[in-house]
Amino acid sequence: MQTDDSVPKSEWNINSAVDFAFDENYSHNLADSVKPPVKYSGDVAVSFSADCKWKNMTYDFSSSYQLGGEMSDKEVCKSADEMKVENTLSYSIDDFEVKTSLSMTSQIFDTKEDKLLESSFMSPGNVSWSLGLQYSFDKYLKGSFALNLASAECVLFLNQAIYDAKETDEINGVLKGKFIYNMTGLDFSYNLRKKINSVLTVKNNGKFFFPGEGKFFSKEWINYFKFQIDNEISCSMMKTVKISLKTRFTYNKNLTRTVKLYNKIAIGIVLQ
């Protein structure tokens, strides 16, 4: 007789959110008659995820896109443009999972600075593959820890015209005419989630990539080390409306070339 576990199960979730943020220079001297420009910024984020289970096997697919703008002194510019697609296949053994994943991250629209093209689709882009072991638990809080000993990161730069426009032979570690820079290493990630009550949930996620090239904390190691830490406190109402406070701290020199920290309030509609 066929059991419920042997029947493929799938679940689709569509999440959309409109996020707004306010930014002002709080270090401004109140005695100064010249006020700094006030900046308004906002973004729209849309995500889709699906999973399919069969016996001890699970396949997860997720994709998201974030587009945002910023207005200062009546000038509007792009502040966010990121597409991410991720595929994960795992095999469960009690609380442990052998997991492999393939993901891609890129912007979609061109970015210009002083009318000079700085970046475009997959220029730069990032493709990551990993294979490792994950431990999951669901006691006081729900979470998981994963260590991927086989991890590969590929930085792509497909738009070769940007090299000529900027008069350079190397951008984001990718040499002109090579299109791609490969590196291997290991990565560690974790996911923590605590449901306080029927409406309030707290989440914390983090992912760290440690390149295998160069000595520890050397210039080469720092150039390609990256991490992202996300925190979220969300309040669900009527099962379809969610208000959340989000914080993200990232470092990825090859894509963002900086350390980024932001806080924002998101109002979203969740469809399942």
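Reference entry: report on the structure contained in this document. The numbers attached to residues start from 1 for each chain and follow its sequence in the written order. For this predicted model, a pLDDT threshold of at least 70 governs which residues receive local features, and a threshold of 80 or more governs which side-chain atom pairs are given and counted, while totals over whole chains, interfaces and linings are taken from all residues. Here the side-chain values reflect all heavy atoms present in the structure, with hydrogen atoms and water set aside.

**Some points on the environment of Phe137**
And then number 1: A helix here means a DSSP run of H or I that spans at least four residues, while a strand means a run of E at least two residues long, and both kinds are numbered starting from the N terminus. Structurally, the position occupied by Phe137 is in strand β8 (residues 125–138).
And then number 2: Taking C-alpha positions, Phe137 is 9.6 Å from Leu192, a pair spaced 55 residues apart along the chain.
And then number 3: The criterion used for residue contact is that any of the two residues' heavy atoms lie within 4.5 Å. Among all residues touching Phe137, those that are not within four sequence positions of it are Lys142, Gly143, Ser144, Phe145 and Leu192.

**Observations concerning the packing of aromatic side chains**
And then number 1: Note on aromatic pairs: the rings of Phe, Tyr and Trp (six-membered ring only in Trp) are paired at centre separations within 6.5 Å, and the planes decide the class, stacked below 30 degrees, edge-to-face beyond 60, tilted for the rest. Counting across every chain of the model gives 13 aromatic pairs.
And then number 2: With a centroid separation of 5.3 Å and an interplanar angle of 75 degrees, the aromatic rings of Phe157 and Tyr163 are classed as edge-to-face. Each member of the pair Phe157 and Tyr163 is classed as buried.
And then number 3: Each member of the aromatic cluster is reached from another via a ring pair, and the members are Phe96, Tyr135, Phe137, Phe145, Phe188 and Tyr190.
And then number 4: Two thresholds decide whether a charge sits over a ring: the Lys NZ or Arg CZ must be within 6 Å of the ring centre and within 35 degrees of the ring normal. The side chain of Lys194 reaches across the aromatic face of Tyr140, ending 3.9 Å from its centre. Buried means the residue's accessible area, taken with a 1.4 Å probe over protein chains only, is under 20% of the maximum for its type, while exposed means over 50%, and partly exposed covers the values in between.

**What about the pairing of strand β5 (residues 96–106)?**
And then number 1: Across eleven bridges, the pairing between strand β4 (residues 75–93) and β5 is antiparallel. If you follow Tyr91 over to β5, its bridge partner there is Val98.
And then number 2: Strand direction decides the pairing type here: β5 and β8, joined by eleven bridges, are antiparallel. Residue pairing across strands places Met104 opposite Val127, the latter belonging to β8. A pair of strands is labelled paired if DSSP reports no fewer than 2 bridges between them.

**Re the side chain of Lys226**
And then number 1: With respect to the helices, strands and loops of the structure, Lys226 is situated in strand β14 (residues 226–237).
And then number 2: Polar contacts involving the side chain of Lys226 include one to the side chain of Glu153, which spans 3.2 Å.
And then number 3: Not counting chain neighbours up to four residues away, the residues in contact with Lys226 comprise Asn126, Ser128, Glu153, Lys207, Phe208, Phe209, Tyr251 and Asn252. Two N or O atoms count as a polar contact when they lie within 3.5 Å, although within protein this holds only if one can serve as hydrogen donor and the other as acceptor, and sequence-adjacent residues are included solely when both atoms are side-chain atoms.

**Examining the nonpolar core**
A general trend in soluble globular proteins is that nonpolar side chains are found buried together.
And then number 1: Core analysis: the biggest nonpolar cluster contains ten residues, these being Leu117, Val155, Phe157, Ile162, Tyr163, Ile171, Val174, Met183, Phe209 and Tyr224.
And then number 2: In this structure, Val174 is in contact with Val155, Leu156, Phe157, Tyr163, Asp169, Phe179, Ile180 and Tyr181, ignoring residues within four places of it in sequence. Side-chain atoms within 4.5 Å link the members of a nonpolar core, which is a set of buried Ala, Val, Leu, Ile, Met, Phe, Trp, Tyr and Cys residues.

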